[in-house]
Amino acid sequence: MLFLSFNVSSASELESLCRVLDNSEADCIFLVGGDGTLSRALVGLSQNSAPLPIGLFPGGRKNIAFWRIFQPKNQNGDSKSVRVFCESAMALIEGENRLVYPVKCSITEEMNDLPSDHQTVNTPNTFWLLSDLCAGWFEHCEQKAPKLWWWGPLRYKFVYFWEFLKRKPIPLDLRISYDEFCPGCKRCVPPIKQKNLTTLWSFFSHLLWSSPPENSKIKVNSDFAMVENPNCGQRREANVSGANVRLNVEQTENGSKLRLRVGGAGNAFGRWAAMRFGWNSMGVSNGESKRRENERDAQFYVLDIEASRLELQFTSIPDFVQKLSLAGEWGEFEQYESKKIALETTKAMGDHQNGAFLLHFYVPKLPLS
């Protein structure tokens, strides 16, 4: 296998490279970076008529997409372990890949009377992502922690303690509308027509009084013709408020789904509760497993929904919350003011695809133990 290394100097250069590479020039694309690098590569690959499969070496500041796809069984594993890096490279060498379903994200203007000096969002208007959208008090602390590198492993605890002394978490207000997620039913998945390959055997069965062998029959595992889901695609709307907003992109067996959780609202969520929750989930990179475990606390979250399509708009933002994390990059919150963020999942059932962008991703064969 021949490896060629490219050191791109800008996001646009990475997008252009992924847009033009095909199987006559390379067998795959192996990225070294985090969520931001992956998202920029997906922009180019989505415009490629025959996108190459990709692998990812988790070398960025945020590597949430890698963990979402990898899904190790050992939830307490250290994401900085050398074995994680080795396994990501071995997946490429061994050719272990699977289908991954990115999410399409669009950012549109909601108001027409914006001032002339209004800044534009520092990301493409339409792009693809596999990582999360995060905003609120906890993301505010996560953003500050890397700057205090001299505190070492205590920097996250110090940031939460210091912010706890300065202010009480103030909730964000947002307006959402979404279509309920459906893993598959007869309404959203076309029926699968089975091809009859037993015509030849029907002749011999009359002569030999035998039935066709099992391996001559097509087995269909994703036929949802008998599955009913009355909530499939139901449109919902809500106005919610909370100190923490987290939108996860999760992979399922037949596609992707969006999971939106809003937590930390009401008088019961004070400074002590905020600091305790922050300490239990601190660290974007090395605390991802703790965060997943901590987010199971139903008492913290006032909203927990799964959706196939979702639109959200922030209607009230505290002054101290200045940035929003989207596709692995922090953007100024004022750039998203009066804008609607719309996300749409990808689904593929058997041979039926909804025309969306599908991608082969090299994933380690064995989970960490």
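Above this text sits the structure in question.
No experiment lies behind these values; they were computed from the predicted model shown.

Draft legend 1. Region of the structure containing the pattern of salt bridges. Enumeration according to the criterion identifies 17 salt bridges in this entry. Glu163 is paired through a salt bridge with Lys166; the nearest N and O atoms lie 3.3 Å apart. Taken together, the residues Glu163 and Lys166, both in helix α6 (residues 155-166) and 3 residues apart, mark about one turn of the helix. The exposure class assigned to Lys166 is partly exposed, which follows from its relative accessible area of 42%. With a shortest N-O distance of 3.7 Å, Glu311 and Arg235 are connected by a salt bridge. Separated by 76 residues along the polypeptide, Glu311 in strand β11 (residues 301-316) and Arg235 in strand β8 (residues 235-242) bring together distant segments of the chain. In this structure Glu311 comes out as partly exposed when scored by relative accessible area, which is 27%. Bridged by salt links that share partners, the residues Asp179, Arg235, Arg309, Glu311, Lys340 and Glu344 form one connected network.

Draft legend 2. Examining the packing of helix α1 (residues 11-20) against helix α2 (residues 35-45) more closely. Two elements in contact, α1 and α2, have axes separated by 7 Å at closest approach and are oriented at 45 degrees. Between α1 and α2, the crossing angle belongs to the class labelled oblique. Every pair of crossing elements has a handedness; the one defined by α1 and α2 is right-handed. Counted together, Ala11, Leu14, Glu15, Cys18 and Arg19 of α1 and Thr37, Arg40, Ala41, Val43, Gly44 and Leu45 of α2 form the full contact between these two elements.

Draft legend 3. Focus on the packing of aromatic side chains. The full count for this structure, using the stated rule, is 9 aromatic pairs. An angle of 35 degrees between the planes, with centres 6.2 Å apart, marks the rings of Phe161 and Phe164 as tilted. Separated by 3 residues within a single helix, Phe161 and Phe164 lie in helix α6, roughly one turn from each other. Phe161 sits in the partly exposed class, given a relative accessible area of 34%. Among the aromatic side chains, those forming a connected cluster through ring pairs are Trp137, Phe138 and Tyr160. Over the face of the ring belonging to Tyr301 we find Arg261, whose NZ or CZ atom lies 5.7 Å from the ring centre.

Draft legend 4. Representation of α2. For α2, the buried fraction is high: 10 of the 11 residues fall into the buried class. The set of residues buried in α2 consists of Asp35, Gly36, Leu38, Ser39, Arg40, Ala41, Leu42, Val43, Gly44 and Leu45.

Draft legend 5. How the structure looks around unusual backbone geometry. At Ala327, a residue that is not glycine, the phi angle is positive and equals roughly 55 degrees. Structurally, Ala327 can be placed in the loop between β12 (323-326) and β13 (329-332). The class of Ala327 is buried, set by a relative accessible area of 4%.

Draft legend 6. Structural detail: the side chain of Gln143. Along the chain, Gln143 turns up in helix α5 (residues 137-144). If we ignore the near neighbours within four places in the chain, the residues touching Gln143 are Lys323 and Trp330.

Draft legend 7. Spatial organisation of the environment of Phe158. Its place among the elements puts Phe158 in helix α6. By relative accessible area, Phe158 is classed as partly exposed at 24%. Along the backbone, Phe158 and Cys141 are 17 residues apart, and their C-alpha atoms lie at a distance of 9.7 Å. With sequence-adjacent residues up to four places away left out, Phe158 is seen in contact with Leu148 and Trp151.

Draft legend 8. Spotlight on the environment of Cys188. In this structure, Cys188 sits in the loop between β7 (172-180) and α7 (199-208). Residue Cys188 is classed as partly exposed on the basis of its relative accessible area of 29%. Dropping the residues within four chain positions of it, Cys188 is found in contact with Cys182, Cys232 and Lys347.

Reading the values: rules and limits
- Residues numbered from 1 in each chain as written.
- Predicted model: local features only at pLDDT ≥ 70, side-chain atom pairs only at ≥ 80, totals over all residues.
- Heavy atoms only, no water.
- Salt bridge = Lys/Arg side-chain N within 4 Å of Asp/Glu carboxyl O.
- Helix = DSSP H or I, 4+ residues; strand = E, 2+ residues; numbered from the N terminus.
- Buried < 20%, exposed > 50% of the residue type's maximum accessible area, 1.4 Å probe, protein only.
- Axes fitted to C-alpha atoms, helices over the stretch in contact; angles between N-to-C directions.
- Parallel < 35°, antiparallel > 145°, perpendicular 65-115°, else oblique.
- Left-handed = near helix turned anticlockwise from the far one by under 90°.
- Contact = heavy atoms within 4.5 Å.
- Phe/Tyr/Trp six-rings, centres within 6.5 Å; stacked < 30°, edge-to-face > 60°.
- Lys NZ or Arg CZ within 6 Å of the ring centre and 35° of its normal.

Without other data, these values stay purely geometric and don't point to any function.
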